[in-house]
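Below, each chain spelled out in residue letters.
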Number of protein chains: 2
Amino acid sequence: MSPDSLDVVLVRPSRPANVAAACRAMKNMGLGRLFLVEPPAELAAPEARALAYGAWEVLDAARVSASLRDAVAGATLVAGTSGRPLPSAWTPRQLAEEGTARAGAGRTALVFGPEASGLRNDELALCHVHVHIPSDPAQPSLNLAQAVLVLAYEIRLSALSLAPPHGNVGPERATSADIEAALDDLERALLAIGYLNPDNPGKILAELRGLLARAGPTPRETSLVRGLARQILWAAGGVARQRGADG
Amino acid sequence: MSPDSLDVVLVRPSRPANVAAACRAMKNMGLGRLFLVEPPAELAAPEARALAYGAWEVLDAARVSASLRDAVAGATLVAGTSGRPLPSAWTPRQLAEEGTARAGAGRTALVFGPEASGLRNDELALCHVHVHIPSDPAQPSLNLAQAVLVLAYEIRLSALSLAPPHGNVGPERATSADIEAALDDLERALLAIGYLNPDNPGKILAELRGLLARAGPTPRETSLVRGLARQILWAAGGVARQRGADG
């Protein structure tokens, strides 16, 4: 996984000093692209910038996004960090070593939640893989910039150990925006045929997202899913017409 | 290398906040023994301790030494960090993986110099091996606590990989039979709603199989796909009834 193809996404960071320290950690490990979702207003204060020793350009070039969904729209692999050791979570080393094939030639987003609470469940659900840093259970919670450093360090090491590029970057992968559009279409279709509970469609959608994300679909495959969803909707129209005829 | 056999030695740290953050990083990675050589007097201030969230006992138990020589007297392996990529320097991973043999049954001291200047030459000379974190040449200098974290993290991972297996073999995976049954159900459903060409359903099914196989679905996920197929079939029944009504 090349450091050039990585975006660091900090979601609702509360302490400007942590953002600044994360910028420094990024630059230490050769990363430069930062997205901030709802950053704190005080981030522009001189004290915050002063902590980003020599990494001001990372902070200054950060893009501000209104939502996590927007921030990761262009990524083909969205990796969300979790302080909980979810059974399915990858280690940072797995991400560094296996993420390349999953991301294809596209970009990887490394997503970090707020210091105190971590990512919300709806935000974790937007992530294709979850990453947990194997910290000690007695004090599992890393400082935000420390967590950024560990992931960036593993990715840097993995990139350094790779031989010169072979030009073999695997198949083109669908972006998060492609996948979410397919899931939106599926949601409409599956609601229409009564497969989803309208009160709680999220759980099954999250499972379908997990399945798709693990597969790392190509753009062709997400189009196929969207076509399928349209066809189900059309069939559901038939059901509705039938219900009308029955009534 | 067992975390229990490690001592972290901070030589003339200048900023109390860095020492506190180093304590937190140590505790995150399961390390507890800290030596301080000529620490700053302000280290006992509440502000410094406040930064050592949940790692006060590391700070409180720290031993103060008059010199590096004293601090490392009990170690069988003394590893000194250097910001310069000395040709003989080990990487943190080499230290974690090869250090055990070098340390024997004794203790290993991980030595970190002052934030601004690093270890003096006479201090580096006291170290048995030098360790350099492979940071980016554009901004090679890590924050002190970040450097502590990287070494502690590598040692923790190495120790975890040597630990007996936890029986964690990953999630149960669906068998080929499960996957094929799901694809059979999908084929019927997608034919019923006119999504597949009855003369050549195979191509799209092969693509869906490829997608599923790459994902490595769990039994739960293949059941979910089968439920979805049944619901599409049901919807298709509505279409057929509607067609009958139209005819």
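Small disclaimer: the values here were computed from a predicted structure and weren't measured.

Describing the overall build of chain A
Working step 1: Looking only at helices and strands, chain A features 10 helices and six strands.
Working step 2: Seen through its C-alpha atoms, chain A measures out along the principal axes to roughly 70 × 45 × 35 Å.
Working step 3: Here chain A holds 247 residues, and 49% of them are scored as buried.
Working step 4: Here the contacts in chain A between residues at least 6 apart in sequence split such that 88% fall between residues at least 24 apart.

Re the interface of chain A and chain B
Working step 1: Across the contact, 47 residues belong to chain A and 47 residues belong to chain B.
Working step 2: The set of elements that each furnish at least two residues to the side of chain A that touches chain B consists of α1 (16-28), α7 (144-161), α9 (202-215) and α10 (219-246) of chain A.
Working step 3: Broken down by element, the side of chain A that touches chain B gets its largest block of residues, 12 residues, from α10 of chain A.
Working step 4: Residue classes in the side of chain A that touches chain B are distributed as 26 nonpolar, 13 polar and eight charged.

Description of the sheet that holds strand β1 (residues 6-11) of chain B
Residues and elements named next belong to chain B.
Working step 1: Taken together, six strands build an open sheet; the order of strands is β3-β2-β1-β5-β4-β6 and the sheet is parallel. Taken across any chain shown, the strands that pair with only one partner, and hence form the sheet edges, are β3 (63-65) and β6 (129-131). Going from strand to strand, the sheet's axes swing by 25° on average, the running direction of each strand aside.
Working step 2: Where β1 and strand β2 (residues 34-37) come together, four bridges link them in parallel fashion. Pairing of Val9 across the sheet is with Phe35, part of β2.

So, the sheet that holds strand β5 (residues 107-112) of chain A
Within a beta sheet, neighbouring strands are joined by backbone hydrogen bonds and run either parallel or antiparallel to one another.
Residue and element names in this part refer to chain A.
Working step 1: Ordered by their spatial adjacency, six strands build an open sheet running β3-β2-β1-β5-β4-β6, and the pairing between neighbours is parallel. Edge strands, defined here as strands with exactly one partner in the open sheet, are β3 (63-65) and β6 (129-131). Neighbour-to-neighbour, the strand axes of this sheet turn through a mean angle of 30°, independent of strand direction.
Working step 2: Of the pairings in the sheet, the one linking strand β4 (residues 75-81) to β5 comprises five bridges and is parallel in character. Bridge pairing links Val78 to Ala109 in β5.
Working step 3: Contacting β1 (6-11), β4, β5 and β6, α7 runs over the sheet at an angle of about 155° to β5.

Quick word on the nonpolar core
Working step 1: Residues Val9 of chain A together with Val9 of chain B are the most contacted members of the largest nonpolar core, which totals 150 residues.
Working step 2: Contact partners of Val9 of chain B, with chain neighbours within four places excluded, come to Phe35, Val37, Leu68, Ala71, Val72, Ala109, Leu110, Val111 and Phe112 of chain B.

Overview of the domain arrangement of chain A
Residues and elements named next belong to chain A.
Working step 1: Looking at the assigned domains, one finds that chain A contains domain 1 (3-161) and domain 2 (176-246).
Working step 2: Put simply, the middle of domain 1 and the middle of domain 2, counted by C-alpha atoms, are 30 Å apart.
Working step 3: Looking at side-chain class alone, the side of domain 1 that touches domain 2 contains six nonpolar, three polar and two charged residues.

Description of the environment of Ala61 of chain A
Residue and element names in this part refer to chain A.
Working step 1: Tracing the backbone shows Ala61 in the loop between α3 (56-60) and β3.
Working step 2: Owing to 11 C-beta atoms within 10 Å, Ala61 belongs among the exposed residues under this scheme.
Working step 3: For Ala61 and Gly32, which are 29 residues apart along the polypeptide, the C-alpha to C-alpha distance reads 8.4 Å.

Things to note about α7 of chain A
Every α-helical turn comprises 3.6 residues, leaving residues that sit three or four positions apart pointing alike.
Working step 1: Compared with an ideal rise of 1.5 Å per residue, which puts 18 residues at 26 Å, α7 of chain A spans 26 Å between its outermost C-alpha atoms and is within 8% of the ideal.
Working step 2: Most of α7 of chain A is tucked away, with 15 of its 18 residues classed as buried.

A word on helix α8 (residues 176-192) of chain B
Residue and element names in this part refer to chain B.
Working step 1: Helix length check: α8 (17 residues) gives 24 Å between terminal C-alpha atoms against 24 Å at 1.5 Å per residue, within 8%.
Working step 2: Every buried residue of α8 is accounted for by Ile179, Ala182, Leu186, Ala189 and Leu190. One side of α8 holds all its buried residues, which, seen down the axis, span an arc of 90°. Facing away from the buried side of α8 by more than 90 degrees, the exposed set consists of Ser176 and Ala177.
Working step 3: Two residues or fewer past α8, Gly194 is found with a positive phi of approximately 80°.

Considering the packing of helix α8 (residues 176-192) of chain A against α9 of chain A
A pair of packed helices is captured by two measures, namely the crossing angle of their axes and the spacing between those axes.
All names here are of chain A.
Working step 1: Here α8 crosses α9 at 140°, and the two axes come no closer than 11 Å. Compared by their axis directions, α8 and α9 come out oblique. Relative to α9, α8 is oriented so that their crossing is right-handed. Residue-level inspection shows Ile179, Leu183, Leu186 and Glu187 of α8 in contact with α9, the latter providing Leu205, Leu208, Arg209 and Leu212.
Working step 2: For the contact of α8 with α9, a count of residues per class yields six nonpolar, no polar and two charged.

The rules behind these values
- Residues numbered from 1 in each chain as written.
- Chains lettered and ligands numbered in written order.
- Predicted model: local features only at pLDDT ≥ 70, side-chain atom pairs only at ≥ 80, totals over all residues.
- Helix = DSSP H or I, 4+ residues; strand = E, 2+ residues; numbered from the N terminus.
- Buried ≥ 20, exposed ≤ 12 C-beta atoms within 10 Å, placed from the backbone.
- Contact = placed C-beta atoms within 7 Å.
- Nonpolar A, V, L, I, M, F, W, Y, C, P; charged D, E, K, R; others polar.
- Pairing = 2+ DSSP bridges.
- Axes fitted to C-alpha atoms, helices over the stretch in contact; angles between N-to-C directions.
- Core = buried A, V, L, I, M, F, W, Y, C linked by C-beta atoms within 7 Å.
- Domains from an automatic or database assignment.
- Expected span 1.5 Å × (residues − 1).
- Arc of directions from axis to C-beta.
- Parallel < 35°, antiparallel > 145°, perpendicular 65-115°, else oblique.
- Left-handed = near helix turned anticlockwise from the far one by under 90°.

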